[in-house]
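Examining the three-dimensional arrangement
Here's the letter readout for the chains.
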Amino acid sequence: MCGIFGYTGSAEAADLLIEGLSKLEYRGYDSAGISVLNGDIHTLKSAGNIAKLRERRSSVDVSGTSGIAHTRWATHGEPNETNSHPHHSNSNRYSLVHNGIIENYLEMKKDLIDKGFDFKSDTDTEVLVNYIEHLANETGKQPADLMPEILRDVKGSFAIALMDTKNPGVLIAARKGSPLIIGLDGNEQYLSSDPLALAQHCDSAIYLENRHYAVIAPGKKPAVYNERGLEIVAEVAVIDQMKDQITVDKGDFSHYTLKEIYEQPDIARQHVAESFQNHHILPELTHLKKELVAAKRLVVIGCGTSLHAGWMGRNYIERLAGIPVVVEQASEFRYGEPLLFENDIVIAVSQSGETADTMEGVRLVSSIRDLPVIGLCNVKGSTLYREASACLMLNAGPEIGVASTKAFMSQVLMFFRLAMHLADLKGYNAHEGLLDDFKKLPNLIEKTLKFNEATHEIAEKYKDSENMLFLGRGIQFPIAMEGALKVKELSYIHAEGYSSAEMKHGPLALIDEKFPTVVVATDSEQEGKNINTVKEISSRKGKVIALVQESSTRLANEADDYLMVPDIHDMLAPFLATIPLQLLSFHFAVLRGHNVDQPRNLAKSVTVE
Ligand code: F6R
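Starting afresh in each chain, residues are numbered from 1 along the sequence in its written order. In view of the model being predicted, local features appear only for residues whose pLDDT reaches at least 70, and side-chain atom pairs are presented and counted only at 80 or more, with totals across whole chains, interfaces and linings using the full set of residues. The side-chain figures draw on all heavy atoms in the structure; neither hydrogens nor water molecules are used.

Quick notes on the overall build of the chain
- Looking only at helices and strands, the chain has 19 helices and 25 strands in total.
- Using C-alpha atoms as the atom set, the radius of gyration is obtained and then compared with a globule rule of 2.2 Å times the number of residues to the power 0.38. In terms of C-alpha radius of gyration, the chain reaches 25 Å, essentially the compact-globule figure of 25 Å for 609 residues.
- Considered along the principal axes of its C-alpha atoms, the chain spans approximately 80 × 55 × 45 Å.
- In this scheme, a residue with accessible area under 20% of its type's maximum is buried, one over 50% is exposed, and one in between is partly exposed, where area comes from a 1.4 Å probe on protein chains only. The buried share among the 609 residues of the chain stands at 60%.
- Considering only intrachain contacts with a sequence separation of at least 6, the fraction spanning at least 24 residues in the chain is 71%.
- In short, Shrake-Rupley with a 1.4 Å probe defines the accessible areas, and a residue's cover is counted only from the protein chains shown. By element, 47% of the accessible surface of the chain is carried by carbon and sulfur atoms, the whole surface being about 23,500 Å².
- For the chain, the centre of its 61 positive side-chain charges and the centre of its 82 negative side-chain charges are spaced 2 Å apart. Helix and strand definitions here come from DSSP, where helices need a minimum of 4 consecutive H or I residues and strands a minimum of 2 consecutive E residues; each element is numbered from the N-terminal end. Should any heavy atoms of two residues lie within 4.5 Å, those residues are counted as being in contact. The charge count treats Lys and Arg as positive and Asp and Glu as negative. His and the chain ends do not count. To locate a charge, take atom NZ for lysine, CZ for arginine, CG for aspartate or CD for glutamate.

Pasting the structure below:
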């Protein structure tokens, strides 16, 4: 999703700004631009990627030591150069970059047109920068002093960075919903939507709180204000520990996504080692022990892949700890009228910790009842990390591929550990053989990756499909859903995840020889039922790819093709089943010539609803 970067100091800003934007690329964008102040504001913009912006850098004079920059993920208007940020005000006094959506921009625009302003772009951002100009002219106030009014009257969720020709070197940053961070490096200061882009420059940072704004200038301590305009003492966080995570390169891999798929054995190794070291207790939850012991129900919210991880969590928590779990799409939860009771605990799952719907769900909880909210999150310092009562860090390292792979693995591992923690509090013993196999899991994930070539062959065979179904039952169902989502987003093949038993209630009508189905059938207890599913489809001429444990030869023989994972306890098989489905999606995408790491139309961090 859109990314903001800003710099003010004594170095040439343009290179730093373009470099900063390149660190934000992974979030997803379709155009980019920078504004640098040097007497006037000089702006360079380009539709397409940052390489294009870099190419054009020498054709425009963008020298100067302070500036703002932006990667845009189009919401209002096409992804062309005119609509890309930064946007100037009519008099060219101000330049603005903006993340998020301004909901009342049409009323504002109409008012401004009536007052004589004109607009070149279709964006809500150009409306805001002119609104600021209008307010400043009308009231005679400095732009920073207008921020309380902007935060109050401008509807929606946004973060902005503003540059003013009359205040050289000064950048104004404001946050209402979307994240924004001030990076500190001696006399130099930065702005960024994402700590990843700051870590190479800064040791410390101020995470702007919701509805706060700040004024930064070289050599001065940032001045941070609350929504009423009162200066506050902002907490300075150390970002040093992130530096070792910042190796944002592909190593020997062709794509970030592939690299991240191959990082999964090590992620599992870390979870398994920590789990055994701590006797399957999560120390981060110590202060919530009383609430966890009393918990009558868990309510899990998340979006996309994180939602699927939540469904896996439900399976583990209900089966191992006997606590009922409901799982809801955060987007539905936040607009519903959720019934929340005493002794409920809410779990918010989000790789980025910034997803707008998930965060609004978290805020809705606190407006209804004072319940503990446990976050499962991969980004230290993110909004979820800071707003949750406790945060279980996924420690998967930065996930650059837009499609989530290793974070999903880590989320499900964390849910499994949470289930064991809760089982311990309830005095339940782990299922026989489960812990032994949990110990073996990292090596078995590694072994599963060795079947990559077989997955590639299947991808070759089915790459021209227009549609696919992914079926699973019980604990395999969320994996089927996740498999379908991965195939959709990476290969653009229309794919649906479905519960195997639901086939007869409608989707079976879709099946013909051109409509392949992947049956996730790694639960050996369910072998008979899974064979029936395969037969139902085969007898309608549908092609079936069965995803099975190595010893399930009967099932494999029933299908047209099979993908295999090593034998493991049925409850742990979903971890292994995840791998061939990720690889299948990856190979489809490569074979079909798509941008694997940045699929079209998608963004990594969905900070608008
Ligand atoms: C799919 C994917 C998305 C995210 C979803 C939630 O591969 O990446 O579906 O899972 O946008 O994002 P987070 O986990 O950051 O809240």
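Focus on unusual backbone geometry
- Following His 85, the chain continues into Pro 86 via a peptide bond in cis, with omega recorded as 0 degrees.
- Along the chain, the position of Pro 86 falls in the loop between β4 (66-72) and β5 (87-88).
- One non-glycine residue, Asn 92, lies in positive phi territory at about 70 degrees.
- Here Asn 92 shows up in the loop between β5 and β6 (94-102).
- Residue classification places Asn 92 among the partly exposed residues on the basis of a relative accessible area of 42%.
- Even without glycine at this site, Asn 343 takes up a positive phi of about 70 degrees.

A short note on the packing of helix α13 (residues 406-426) against helix α14 (residues 434-449)
- For helices, the fitted axis covers only the stretch in contact; all axes are lines through C-alpha atoms, and the angles between them, taken along N-to-C directions, range from 0 to 180 degrees. For the pair α13 and α14, the least separation of the axes is 13 Å and the interaxial angle reads 170 degrees. When the axes of α13 and α14 are compared, the pair comes out roughly antiparallel. Between α13 and α14, the contacting residues are Met 409, Leu 413, Phe 416, Arg 417 and Met 420 on the first element and Leu 434, Leu 435, Phe 438, Leu 441 and Ile 445 on the second.
- Taken together, the residues that form the contact of α13 with α14 break down as nine nonpolar, no polar and one charged. Under this scheme an angle from 65 to 115 degrees is roughly perpendicular, one under 35 degrees roughly parallel, and one over 145 degrees roughly antiparallel; angles in between are oblique. Charged residues are taken to be Asp, Glu, Lys and Arg, nonpolar residues to be Ala, Val, Leu, Ile, Met, Phe, Trp, Tyr, Cys and Pro, and polar residues to be all remaining types, Gly included.

Some remarks on the environment of His 134
- Mapped onto the secondary structure, His 134 falls in helix α4 (residues 124-139).
- Counting along the chain gives 452 residues from His 134 to Phe 586, while the straight-line C-alpha distance between them is 50 Å.
- In contact with His 134, not counting residues within four places along its chain, are Leu 112, Lys 115 and Phe 117.

Points about the pattern of salt bridges
- Each reported salt bridge corresponds to a side-chain nitrogen of Lys or Arg within 4 Å of a carboxyl oxygen of Asp or Glu. For the coordinates displayed, the defined rule picks out 30 salt bridges.
- With a closest N to O distance of 2.9 Å, Arg 363 and Glu 387 form a salt bridge. One end of the pair, Arg 363, is in helix α11 (residues 356-368); the other, Glu 387, is in helix α12 (residues 383-387), and 24 residues separate them in sequence.
- Judged by relative accessible area, Arg 363 falls into the buried class, the value being 19%.
- A salt bridge links Lys 486 to Glu 482, with the nearest nitrogen and oxygen atoms 2.7 Å apart. Of this pair, Lys 486 and Glu 482 are both found in helix α16 (residues 477-491), four residues apart, which corresponds to roughly one turn of the helix. Glu 482 carries the same exposure label as Lys 486, and that label is buried.

A look at the packing of α13 against helix α19 (residues 573-591)
- Where α13 contacts α19, the two axes come as close as 11 Å, and the packing angle between them is 175 degrees. Here α13 lies roughly antiparallel to α19, going by the angle between them. Side by side, α13 and α19 meet where Phe 408, Met 409, Val 412, Leu 413 and Phe 416 of the first sit next to Phe 575, Thr 578 and Ile 579 of the second.
- Per-class residue counts for the contact of α13 with α19 are seven nonpolar, one polar and no charged.

Details of the packing of aromatic side chains
- Only Phe, Tyr and Trp rings are paired, with Trp represented by its six-membered ring, and only when their centres lie within 6.5 Å; those with planes under 30 degrees apart are stacked, over 60 edge-to-face, the remainder tilted. Tallied over the full model, the rule gives 10 aromatic pairs.
- Here the aromatic rings of Tyr 316 and Phe 416 are separated by 5.1 Å at their centres, their planes lie at 80 degrees, and the arrangement is edge-to-face. Taken together, the residues span a long stretch of sequence, with Tyr 316 in helix α9 (residues 304-321) and Phe 416 in helix α13 at a distance of 100 residues.
- Here Phe 416 falls in the buried class, since its relative accessible area comes to 0%.
- Joined through ring pairs, the aromatic side chains of Phe 276, Tyr 316, Phe 416, Phe 438 and Phe 575 make up one cluster.

Points about the pairing of strand β8 (residues 171-176)
- Extensive coverage of β8 is indicated by the burial of six of its six residues.
- Neither face of β8 is open: one carries Leu 171, Ala 173 and Arg 175, the other Ile 172, Ala 174 and Lys 176, and all of them are buried.
- Pairing between strands is defined by DSSP: at least two bridges between them are needed. Pairing of strand β7 (residues 156-164) with β8 involves six bridges; the strand directions are antiparallel. Bridged to Met 163 within β8 is Leu 171.
- Counted along the chain from β7 to the antiparallel partner β8, the turn is six residues long, and its residue Gly 169 has a positive phi close to 85 degrees.
- Pairing of β8 with strand β12 (residues 213-216), which is carried by four bridges, proceeds in the antiparallel orientation.

Notes on the sheet that holds strand β11 (residues 204-207)
- Strand order in the open sheet formed by eight strands is β3-β2-β4-β1-β10-β9-β11-β15, and the pairing between neighbours is antiparallel. Here the strands that pair on one side only, and so sit at the sheet edges, are β3 (40-47) and β15 (237-238).
- Relative to β15, β11 is paired through two bridges, and the arrangement is antiparallel. In the strand pairing of β15, Ala 205 is matched with Ala 237.
- Across the sheet, helix α1 (residues 13-24) is in contact with β1 (3-8), β2 (31-38), β4 and β10 (188-192); its angle to β1 comes to roughly 155 degrees.

Concerning the layout of surface pockets
- By volume, the largest pocket amounts to about 650 Å³.
- Around the largest pocket sit 30 residues that line it, and Cys 303, Gly 304, Thr 305, Leu 485 and Val 606 are the ones nearest its centre.
- Breaking the lining of the largest pocket down by element, the ones donating at least two residues are α9, β18 (344-350), α11 and α16.
- With six residues, α9 is the single largest residue contributor to the lining of the largest pocket.
- Residue composition of the lining of the largest pocket, grouped by class: 13 nonpolar, 13 polar and four charged.
- For each domain, the first and last residues come from an automatic or database assignment. Among the domains, domain 2 (248-430) and domain 3 (445-609) are the pair contributing at least three residues each to the lining of the largest pocket. A pocket here means an open set of points on a 1 Å grid, computed over the protein atoms alone, that has protein on both sides within 12 Å along at least five of seven lines. A cavity is instead a set of points where a 1.4 Å probe fits but cannot get out; residues with an atom within 4 Å of a point line either one. Grid points are joined across faces, edges and corners, and a volume is the space filled by probe spheres set on the points.

Things to note about the domain arrangement of the chain
- For the chain, the domain assignment lists domain 1 (3-245), domain 2 (248-430) and domain 3 (445-609).
- Between domain 2 and domain 3, the C-alpha centre-to-centre distance is 24 Å.
- Tallying the contact residues gives 40 residues for domain 2 and 37 residues for domain 3.
- We define buried area as the total accessible area lost by two parts upon association, computed with a 1.4 Å probe and summed across both. For the pair domain 2 and domain 3, the summed buried area comes to about 3,300 Å², and 67% of that belongs to carbon and sulfur atoms.
- As used in this structure description, the phrase polar contact means that two N or O atoms lie within 3.5 Å; if the pair is within protein, one of them must be able to donate a hydrogen and the other to accept it, and residues adjacent in sequence are counted only when both atoms belong to side chains. Between domain 2 and domain 3 we count 12 residue pairs in polar contact (both at pLDDT 80 or more) in total.
- Mapped by element, the contributors of at least two residues to the side of domain 2 that touches domain 3 are α6 (256-262), α7 (264-277), α9, α10 (330-335), α11 and α13.
- Here the element with the most residues in the side of domain 2 that touches domain 3 is α9; it accounts for nine residues.

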